[in-house]
Amino acid sequence: MDIDTIIAQLNSKDEGLRRESVRLLGERRDSRAVDILTDLIRDDDLAIRDAAVNALMDIGGEEAAGAVMPLLYDEDAAIRNMSIEILEGIGKEAVEKVSSLLNEDDEDVLKFAVDILGNIGNPDLAPLLTPLLGHKNPNVRSATAITLGKIKSSQAVKDIIPLLDDKDEWVRFSALEALGSLGTPDLVDRLLDVVKRDGISKIAALDALSNLAAPSDAKKVLSVVSSPEVSTVLPVETIVRFVEKYSCSIDESYSKAFLDTLVGRLSDMDLDERRNALRGIILLKDPSAIDGLMHFAVAVDEADEETSKLLREALVTVGTSGALIKRLKSNISSMSIFIDALGEMGDSSVVHDLKSLIDMVDRDTKKILLKSLEKIGKASSFDTISDALRDKDGHVRKIAAVSLGEIGERRAIPLLHEAILKEPFRDVQEAMADVLSDFKGEEVEEVFISLLGSEKPALRVIALHCLGRLQVERAREAVINSIYSDKDVKVREEAVRCLRNFTGEDTLKVLGDILNDREKDLRIAAIEVLDGRGDGDALLIGALGDSDIWVRFKVVNMLAERDTEGIEGRLIELLLGDEIPVKVAAARALGRVGTGKAVEALKRFEGHEDSYLSDAAIEAIKAIVSRDER
Amino acid sequence: MERPKITRDIFSQVRDFIYEKCGIYFGDGKEYLLEDRLSRRLSARNLSSYEEYLFFLRYDPKKEEELRALYNSVTTNETSFFRDINQLEAFRTGILPKIMERNSSRRTIRIWSAACSTGEEPYTMAMILSEEGILLNGWKVEILASDISENVLNSAKRGVYGDYAVRNTPERYLKRYFTNNNNSYTVKPDVARLVRFANINLVDSLQVSKVRGMDVIFCRNVLIYFDDHGKRKVISFLHDSLVKGGFLMVGFSESLFSITRAFRPVGIRKCVAYQKI
C-alpha cells in the first residue's frame, strides 16, 4: 500500500483502521508523514495520539525532532509531555535540535531541554550544560545537576559542589544525587555534614555516601549511619549497600542498629523493600534476626520465587535446625520454606521430624520435603523416600525416584523395578528408568531384559532405550528379535536405535532390511544409526531414493556432513527435481562436496522466492568458487 | 533421556517464526526454555534437530496441525480459581458497579477473559457475578474466554479440576458452584453456560477484530510473553474491543506504562485498572 493511500485512510470512520494507518506510517519511516503525525498528537482519540507518538519515534531523525519541538511550548501539559517523550525516544538524532534550546529564555522549555538531554545521555554536552548550574531558576539548576550526573560528567563535580549550599533545598538534593554517581571519597566529610541536617537532603546524602565512601572511611561513616536518628530513616537499599561495603568492619552494635530496621522492613508492602531487607539480613549473618525471619516466613502468603529463595538463604544463614523444627511443629502454614532450609542445612538429626510430616503436607510441599531428605542424604532418609514411590501423586513419585538416585544406595534397585511396573505415567516411568540405568551393573541389566517381555509397549521401549544406553551386548539377540517381530512400531523403532551400540555385519544387514520397511519412522531411525557407522555410506546413498521427503532430507544432510564422495551427480538431481526442503539440503551439501559442475544448477536458485533456498544456493556457489581458487 | 540442543542461529530463526505467528517472544538467553518447550514436539514428529522442526513448520503438509501443537507447547498455563484476590475484589466492588450504572438500560455485561488457559479465570468471573445476584435481577452476562492453545480450551470446556486448581477458592463458592466427586471438582452447569470459549490469537488482528463491545477485558499474566512491540500491538487491539469507558485489567505485577497512552490508569483498592477514555 502506498503512503498516499495510508494517509487517505486517516479520514476513515473506523477507529481501528485509522490507528493501524498511523502505525503503518511509522513503520514506513517516511519523513513525508511527519507533519501529519505531529498534528495527530492533538487528535481526540487517545489511541490515535498514542499511535502517532510511537510513529514519530519510529521515523526519528532531525526532521521529526524539529517538527515536534514547537510543541514544548504548548499550553496543554499532555501535548508537552508527549513531545518530550518523542524527543527522548528519537534520541541522539534529536540532540542538536534540543541543544539549541539551551539559550532559551522560556525557563520551562529550557528545563525540558535539559531533562531531555539527560535522558538521551550525551556526555559531550557537559560544557554547554555546566553554565546552567548558576541559572537564576532553581528548577533549571536542579535539572542541570541531575543531567550532569546522568551523563556521567565527572569534570562537572567541582561546579556541582557549591550547589550543596544552594538556598533551595531541591537544588541541594539534586546536587547530592548527582555527586552520588560522580563524586569521589574526598567528599565524604562534606556529605557527613549534610547528613547532620534535617530534611530531604539527609537521605540523598546518605545515598551518595553509600556509593562513594571508601573502605578507610568505615569508622566515621558507620558511627553516623548507625545512630538511631539516621538508621531508622535509611532506605533499605542504602543500608544494604553500607553493609556490603563495610561487612568486615561491622561489629555487634552496628549490626543491631541495622538489624532492627531491616527486620522491621520485612513487613513492608513493597516487594523490593522486603527483598532488600532479606539481603541485608543475609549479609549481617546475625542470629538475633531469626525470630523476625520466622515471623515473616509464617506471615507471608505465597511468596514469589525470588523472595522465597532469599528467605531460605536467610534462614540457613542465621537459623539453627532446632529452631526451625520447633517452629515447624508449632505452625502448619508456610512449611515449605522451613523444610527447604532444613534440607540446605543438612542436619540428619531432623530426619525423624521431617518423616512425621510427610502425610500432613500437600503435593508441592511433599516434593520439597523429599528433596530436603535427599540433601540430608544417606540411610536415615532412604526409607521415607522409597515409601514415596507409592505416593498417589505422580510428581511425588518422580521426585522420590530421582532422590533415590541421588542418594545412590543399590537397595533402591528392586524398589524402582517394582515401581516402574506399576507406574501409569510415561514421564515418571522414564525418570525411574533413567535412575535405574545410572546404577549400572548386571542386576540393572537383568531388570531391563525382563522388561522386554512386558505387555506394555511403553515399558518395552524404555527397556530397549536403557539397554542401548548401557550397551548390553548379551541383549543383542533380543533387540534384533524386537526389530523384526514386535507388533508395536514405537518398540521396533527404539530397537533399531539400540543397534547403534552394536557393531558387526549382522547389524548392517538388519539396518539394510529396515531401509525397505514400510514404516517411515523406522527408516529414519535406521539412517540415523547408519550415520554413526563408518560402513554405512552405501546404504545411505541408496536411501536418497526413499519415498518420504524427510528421509531424503536427513540423508542428504548426513552425507554432506560426512563429506561423502561420488554423490555430486545425485545431489544435483535432487536439487533440480525434489521438493524445497530437499533442494535446500542438496544445495548446502553441494556447498561442501560440490565442484564447478554444480554451479550452473545452483545459479538457477539465486534469488528464488524461498529465501532459505536462495541463501543456500548463494552460499554453496561461494564455497565452491572459493575451493576452486585455492 | 537426552534431547537435541538448539544452536544460536536456529534459535533465532525458530524464535522469529514463533514471534511472527503468535507474538510470543523468547528473549536472548532463553534457548534452554525453547528447548524445554519444544523437545516433545521433536519426539512426536520424530525429528532429530530444531532445524528440521523449523522446516517441518514451514513445508510439511501437516504444518497447520503442528502449529496448533506448537502454540500448546510454548504457552505456560499455571493458573487457579480466584487468583489475585485483590484484583477480583477491585473488579467486584469498583468496576462492576460502574458498568452496571452505565449499562442500566440494556442490562447486559460483557466480559472477555483473553488468554483464559484452562478456564479458571472466566469461571471465577461467572461465579462472582452469580454470587452478586446479578442474574437474578434480570441482567444478561456474556463471558468470552479465549486462548491460543486448543489443548487448554478443550480442558476448560470440560470444567473439571483437581485440588490444586481450587486451592484459593473460598469455601462458599466451592459448595455452591462445584460438584465435588472425590476431590475432583466440576463446575456446575448454570455457571458453565455463562462462558463461551473461542480460539483466538491476540496478535492476529483479523481474529481480535471480531470481538467488540466488551465492558471489561482481563488480560492477566500474558503480556509477559511479548516484547514491547508485541505488547503494543496486543493492547491496541484490545483497546478496539472495549466500549468507551470500558476497563482493561492486566496482571497484578504488570504495567502498561511505556506501552500505551490510550488508557487512563484508575486506582481501585490498591489495584490499577486501565480505562478506555
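No experiment lies behind these values; they were computed from the predicted model shown.

A.B. asks: Outline the overall build of chain B, listing residues and values.
C.D. replies: Each helix and strand in chain B was counted, giving 11 helices and 10 strands. In chain B, which comprises 277 residues, the share counted as buried stands at 55%. Across chain B, every contact between residues at least 6 apart in sequence was considered, and the portion connecting residues at least 24 apart equals 73%.

A.B. asks: For the interface of chain B and chain A, give the residues involved together with the corresponding values.
C.D. replies: Listed per partner, the contact involves 30 residues of chain B and 35 residues of chain A. Summing both sides of the interface, chain B and chain A together bury roughly 2,800 Å²; the carbon and sulfur share of this comes to 48%. The interface formed by chain B and chain A contains 7 salt bridges. Between D240 of chain B and R19 of chain A there is a salt bridge, with the nearest N and O atoms lying 2.6 Å from each other. The tally of links from chain B across to chain A stands at 12 residue pairs in polar contact (both at pLDDT 80 or more). Put simply, the parts of the chain that give the side of chain B that touches chain A at least two residues each are α3 (50-59) and α11 (228-241) of chain B. When its residues are assigned to classes, the side of chain B that touches chain A shows 11 nonpolar, 7 polar and 12 charged.

A.B. asks: Give me the packing of helix α19 (residues 271-284) of chain A against helix α21 (residues 305-318) of chain A: which residues, what numbers.
C.D. replies: All names here are of chain A. In contact at an axis separation of 9 Å, α19 and α21 are set at 25° when each is read in the N-to-C sense. Our classification of the angle between α19 and α21 gives roughly parallel. As α19 packs across α21, the resulting crossing turns out to be left-handed. Where α19 abuts α21, its residues L271, R275, L278, R279, I281 and I282 lie against E306, T307, L310, L311, E313, A314, T317 and V318. Taken together, the residues that form the contact of α19 with α21 break down as 8 nonpolar, 2 polar and 4 charged.

A.B. asks: With reference to specific residues and values, describe the sheet that holds strand β10 (residues 271-276) of chain B.
C.D. replies: All names here are of chain B. Pairing is mixed in the open sheet, where 7 strands are placed in the order β6-β2-β1-β7-β8-β10-β9. The open sheet has two edge strands, β6 (195-199) and β9 (263-268), and neither has a second partner. Shown here is a sheet whose adjacent strand axes are inclined to one another by a mean of 25°, direction ignored. Sheet analysis places β9 next to β10, joined by 6 bridges and oriented antiparallel. What sits directly across from R264, in β10, is Q275. This element, helix α6 (residues 120-131), spans β1 (108-114), β2 (140-147), β6 and β7 (214-219) of the sheet and lies at about 170° to β2.

A.B. asks: Tell me about the confidence of the model for chain B, residues and numbers included.
C.D. replies: Residues and elements named next belong to chain B. Residues of chain B with pLDDT of at least 70 account for 98%, and the chain-wide mean is 89. At the low end of the mean pLDDT range in chain B sits helix α2 (residues 31-45), at 85; at the high end sits β7, at 97. Interface confidence for the predicted complex, given as ipTM, is 0.73, next to a pTM of 0.69.

A.B. asks: Describe the nonpolar core, naming the residues involved and giving the relevant values.
C.D. replies: Residues and elements named next belong to chain B. Counting residues in each nonpolar core, the largest one holds 281 residues, and the members touching the most others are W112 and L248. In this structure, W112 is in contact with L144, S146, I200, L202, V208, V211, M214, V216, I217, F218, L238 and S241, ignoring residues within four places of it in sequence. Among the nonpolar cores identified, the runner-up in size contains 45 residues, and L88, A145, L153 and V187 belong to it.

A.B. asks: Which residues make up helix α7 (residues 150-158) of chain B, and what values go with them?
C.D. replies: Residues and elements named next belong to chain B. Residues of α7 that are buried: V152, L153, S155 and A156. Along α7, the residues classed as buried sweep out an arc of 160° about the axis, all on the same side. The exposed set on the far side of α7, more than 90 degrees from its buried face, consists of K157 and R158. Summarising the contacts, the buried residues of α7 are in contact with α6, β2, β3 (160-161) and β6.

A.B. asks: Describe the sheet that holds strand β4 (residues 178-180) of chain B, listing the residues and the values that go with them.
C.D. replies: By definition, the strands of a sheet pair up through backbone hydrogen bonds, in either a parallel or an antiparallel sense. Residue and element names in this part refer to chain B. Strand order in the open sheet formed by 3 strands is β3-β5-β4, and the pairing between neighbours is antiparallel. At either margin of the open sheet sits one strand with a lone partner, and together these are β3 and β4. Strand direction decides the pairing type here: β4 and strand β5 (residues 185-187), joined by 3 bridges, are antiparallel. When the sheet's bridge partners are listed, T179 is paired in β5 with T186.

A.B. asks: Summarise the pattern of salt bridges; cite the residues concerned and give the values.
C.D. replies: Oppositely charged side chains may form a pair once their charged atoms are brought near each other. Enumeration according to the criterion identifies 78 salt bridges over all chains in this entry. D165 of chain A is the salt-bridge partner of R190 of chain A, the closest N and O atoms lying 2.7 Å from each other. Of the two residues, R190 of chain A sits in helix α13 (residues 188-195) while D165 of chain A sits in the loop between α11 (157-160) and α12 (169-182), which places them 25 residues apart along the sequence. Accessibility expressed as a relative area gives 52% for D165 of chain A, which makes it exposed. A salt bridge links R474 of chain A to E446 of chain A; the shortest N-O distance between them is 2.7 Å. Here R474 of chain A, found in the loop between α31 (457-470) and α32 (476-485), pairs with E446 of chain A, found in helix α30 (residues 442-451); they are 28 residues apart in sequence, far enough to count as distant. Overall, the relative accessible area of 44% leaves R474 of chain A in the partly exposed class. For E446 of chain A, a relative accessible area of 40% translates into the label partly exposed. Overlapping salt bridges bring together K490, E493, R497, E528 and K554 of chain A together with E52 of chain B as one network.

Rules of the game
Residues numbered from 1 in each chain as written. Chains lettered and ligands numbered in written order. Predicted model: local features only at pLDDT ≥ 70, side-chain atom pairs only at ≥ 80, totals over all residues. Heavy atoms only, no water. Helix = DSSP H or I, 4+ residues; strand = E, 2+ residues; numbered from the N terminus. Buried < 20%, exposed > 50% of the residue type's maximum accessible area, 1.4 Å probe, protein only. Contact = heavy atoms within 4.5 Å. Buried area = accessible area lost by both parts, 1.4 Å probe. Salt bridge = Lys/Arg side-chain N within 4 Å of Asp/Glu carboxyl O. Polar contact = N/O pair within 3.5 Å; in protein donor to acceptor, adjacent residues only side chain to side chain. Nonpolar A, V, L, I, M, F, W, Y, C, P; charged D, E, K, R; others polar. Axes fitted to C-alpha atoms, helices over the stretch in contact; angles between N-to-C directions. Parallel < 35°, antiparallel > 145°, perpendicular 65-115°, else oblique. Left-handed = near helix turned anticlockwise from the far one by under 90°. Pairing = 2+ DSSP bridges. pLDDT = per-residue confidence, 0-100. Core = buried A, V, L, I, M, F, W, Y, C linked by side-chain atoms within 4.5 Å. Arc of directions from axis to C-beta.

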